[in-house]
Amino acid sequence: MSAVATSSLDGFSVDAAALVDNPRQVAGAFRRDGLVKVKRILPADVAEAVCKRVHEELASRRAEGDSTYFGDVYGYEDTGQRWDLKLRLSSEVKDALRILLESLQGVLESLRPSWQLTELAAMCTFPADPGQPVHADTSHVYDQQVVTVFVALHDIPAERGPTKMYPRSHLDGELHLGLKEVDESCAVLCTMECGDCVLMDSRLLHCGTANKSDLHRFLFYSSWMPPARRSRGSTNTLLPEYEDRLILVQEELQSGSHSGNGPHGLRWMFEAKVPPRLVTVMT
Ligand SMILES: O=C(O)CCC(=O)C(=O)O
Ligand SMILES: [Fe+2]
């Protein structure tokens with residue numbers, strides 16, 4: 001990590017309750033800054049269950065040696081300290097997604113009317129991972145907004161390799177074209193407690209920092225893009241069976257039904273476009 005002081009993440013943070021009470025305001029801040037940290041969006045036991053699942057899947061996928069289950073993270077898998085593990089929709093992952101989407105639906109709705117799952121994975125680092133170069137996951141010129149939700153599956157203090165982000169860099173053409181350098185004094189280190197998350201616009205400049213601790217660092221992440229558009233770049237860490245299948249749509253409530261909780265009487269569904277149906281994820 002750079003010796004230059006980083007800015008505080010506090011100015012980009014909200015409590016989970018604010019997402020439900022003021023979704024448009026949070027969406028506005030996200031549009032402007034390219035990131036929002038949400039404190040305690042997942043209960044610790046739900047995050048810990050996903051963490052356990054990631055440990056198990058990572059061990060078995062590595063033993064199998066099948067690269068289908070791993071995303072491309074700048075070749076760091078070669079050193080064995082960084083693994084981008086594609087996840088199945090196990091019961092632990094579904095529980096976590098359902099709770100995340102319940103809180104996030106108002107913000108997502110404020111940004112766009114519908115979304116499609118484009119990544120579902122865990123970014124895992126181990127002690128001595130050197131960290132990544134600063135990058136954007138998608139192009140600010142060619143790609144539409146993709147929202148990535150990074151969830152801490154345990155506490156992530158500075159030495160355990162949190163993600164570093166550069167607020168407002170997602171819309172800065174000169175930065176993206178390499179016409180100027182990132183300003184380290186504006187960077188924020190996304191330290192988190194178990195169950196916190198950071199929403200990131202995938203065009204934002206960011207990097208995983210070095211894991212200087214003697215512990216693993218696991219981030220559970222999902223990314224959402226406008227439906228039926230292929231994203232490019234590294235934003236496609238998704239098992240093939242889920243590609244182009246899982247969408248979030250607004251549905252008019254049946255008259256007399258009061259079960260929906262989105263604004264304007266709309267309700268978010270998580271459904272498969274083709275069988276098998278996975279509506280149960282959101283219900
Ligand atoms: O490890 C992290 O914190 C971020 C990972 C990342 O940005 C990537 O692999 O594209
Ligand atoms: Fe990235």
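Please refer to the structure placed before this passage.
Note that the structure is predicted; figures quoted are calculated from it, not measured.

Our next topic: the nonpolar core. Among the nonpolar cores identified, the biggest contains 67 residues, and Val151, Leu153, Leu199 and Leu219 are the most heavily contacted of them. Examining the composition of this core, we find that nine residues originate from one element, helix H4 (residues 91-111), more than from any other. Leaving out residues up to four positions away in the same chain, Leu219 has contacts with Ala122, Met123, Phe150, Val151, Ala152 and Leu153.

Our focus in this paragraph is unusual backbone geometry. Negative phi characterises most residues that are not glycine, and trans characterises most peptide bonds. Here Ala128, not a glycine, exhibits a phi torsion of approximately 80°, which is positive. Following the sequence through the fold, Ala128 ends up in the loop between strand E4 (114-125) and strand E5 (147-152). On the basis of neighbour count, Ala128 is assigned to the partly exposed category, with 13 C-beta atoms found within 10 Å. Of note in the backbone geometry, Arg168 takes a positive phi value of approximately 70° without being a glycine.

In this fold, Leu205 is placed in the loop between strand E8 (197-201) and strand E9 (206-208). Residue class for Leu205 comes out buried when judged on the 22 C-beta atoms lying within 10 Å of it. Discounting residues that sit within four places of it in the chain, Leu205 has contacts with Val134, His135, Ala136, Tyr166, Ser169, Leu175 and Val182.

Moving on, we come to the pairing of strand E10 (residues 217-225). With nine of nine residues buried, E10 lies mostly within the body of the structure. Of the two faces of E10, both are covered, the one formed by Arg217, Leu219, Tyr221, Ser223 and Met225 as well as the one formed by Phe218, Phe220, Ser222 and Trp224. Both E4 and E10 contribute to a ladder of nine bridges, which runs antiparallel. Residue Cys124 lies in a different strand from E10, and its bridge partner there is Phe218.

Basis of the calculations
- Residues numbered from 1 in each chain as written.
- Chains lettered and ligands numbered in written order.
- Predicted model: local features only at pLDDT ≥ 70, side-chain atom pairs only at ≥ 80, totals over all residues.
- Core = buried A, V, L, I, M, F, W, Y, C linked by C-beta atoms within 7 Å.
- Buried ≥ 20, exposed ≤ 12 C-beta atoms within 10 Å, placed from the backbone.
- Helix = DSSP H or I, 4+ residues; strand = E, 2+ residues; numbered from the N terminus.
- Contact = placed C-beta atoms within 7 Å.
- Pairing = 2+ DSSP bridges.

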